[in-house]
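# Inside the fold
Single-letter residue listing:
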Amino acid sequence: MRCTRPSIEEEAGGDGDGDSEDEEEGGAEDEAGGGDASTDAGVAGALQLLTRAKTIRAAKQGGDHPALARCLMKLADYFWLVDRYDKALSAYEEAMRIFALVNGERSKEVVMVCNWSVHALILLGNMPEAAKANERGLALCKAVFGDLSYELWRCMTGKVYLIQRSVGPDASATSTEARKAFSLAERIETHATILYGNLQ
């Protein structure tokens with residue numbers, strides 16, 4: 001399961017603060033926890049630049065600045081690319097904390113990062129936490145984006161997947177538990193399909 005994540009700037013309308021993140025020198029730390037032998041030099045070099053940018057932002061603007069949150073989102077993109085979903089999740093969580101502090105819990109940035117945290121948790125196999133994050137995302141999404149948005153569609157498709165996975169491996173496909181789960185998933189999927197069509 002591989003997803004591509006739109007940038008915060010693309011969906012929330014953020015435009016950054018105009019500073020180049022890679023023009024200044026700064027210390028780099030290996031956040032990947034060791035290199036992957038199959039990662040090419042260009043991708044590996046990206047981690048060094050992104051980590052340096054994060055370090056510079058934190059030093060210049062503090063640990064609660066939205067520019068630092070945007071750096072963290074770019075780091076999450078990198079970790080997603082190399083299948084380090086644990087690292088991506090950590091970056092998402094810290095970015096979400098900053099966005100909530102700066103823009104409030106009910107902000108577009110918080111909703112979007114929450115949704116991508118759900119995908120990371122799913123890929124890590126942590127379904128209980130993914131379900132909790134998905135419920136939070138659904139509630140926030142409706143409050144922030146309304147009933148007609150791609151973010152709501154993402155929340156709904158995530159919920160469908162989580163419901164389908166909630167049926168234990170030992171449950172019969174004809175069991176009451178399975179029938180209820182798949183029936184609910186089918187209803188939500190139908191609504192999500194209609195919603196997606198209305199967004200086109």
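Each remark here, short or long, concerns the structure printed above.
I will try to describe carefully the structure that is included in this document. (Residues numbered from 1 in each chain as written. Predicted model: local features only at pLDDT ≥ 70, side-chain atom pairs only at ≥ 80, totals over all residues. Heavy atoms only, no water.)

### Focus: the state of the cysteines
For the coordinates displayed, the defined rule picks out zero disulfides. A disulfide-free cysteine, Cys155 has its sulfur positioned 4.4 Å from the sulfur of Cys141, the nearest such atom. (Disulfide = S-S within 2.5 Å.)

### Remarks on helix 7 (residues 150-166)
Between its first and last C-alpha, helix 7 extends 24 Å over 17 residues, near the 24 Å set by a 1.5 Å rise per residue. Within helix 7, burial applies to Glu151, Leu152, Arg154, Cys155, Met156, Gly158, Val160, Leu162 and Ile163. (Helix = DSSP H or I, 4+ residues; strand = E, 2+ residues; numbered from the N terminus. Expected span 1.5 Å × (residues − 1). Buried < 20%, exposed > 50% of the residue type's maximum accessible area, 1.4 Å probe, protein only.)

### Examining the packing of helix 3 (residues 66-81) against helix 4 (residues 85-103)
One can describe the packing of helix 3 onto helix 4 by two numbers: an axis separation of 8 Å at closest approach and a directional angle of 160°. Taken together, the axes of helix 3 and helix 4 lie roughly antiparallel to each other. In the crossing of helix 3 with helix 4, the sense of the turn from one axis to the other is left-handed. Where helix 3 abuts helix 4, its residues Pro66, Leu68, Ala69, Arg70, Leu72, Met73, Ala76, Phe79 and Trp80 lie against Tyr85, Lys87, Ala88, Ala91, Tyr92, Glu94, Ala95, Ile98, Phe99 and Val102. Among the residues forming the contact of helix 3 with helix 4, the class breakdown is 16 nonpolar, no polar and three charged. (Axes fitted to C-alpha atoms, helices over the stretch in contact; angles between N-to-C directions. Parallel < 35°, antiparallel > 145°, perpendicular 65-115°, else oblique. Left-handed = near helix turned anticlockwise from the far one by under 90°. Contact = heavy atoms within 4.5 Å. Nonpolar A, V, L, I, M, F, W, Y, C, P; charged D, E, K, R; others polar.)

### Let's talk about the pattern of salt bridges
In total, this model carries seven salt bridges according to the counting rule given. The partner of Arg97 in a salt bridge is Glu94, and the shortest N-O contact between them spans 2.8 Å. Separated by three residues within a single helix, Arg97 and Glu94 lie in helix 4, roughly one turn from each other. Given a relative accessible area of 36%, Arg97 falls into the partly exposed group. Here the residues in one salt-bridge network are Asp64, Glu94 and Arg97, joined through shared partners. (Salt bridge = Lys/Arg side-chain N within 4 Å of Asp/Glu carboxyl O.)

### Quick look at the environment of His119
Along the chain, His119 turns up in helix 5 (residues 108-123). Residue His119 is classed as buried on the basis of its relative accessible area of 11%. C-alpha separation for the pair His119 and Cys155, spaced 36 residues apart in sequence, amounts to 9.8 Å.

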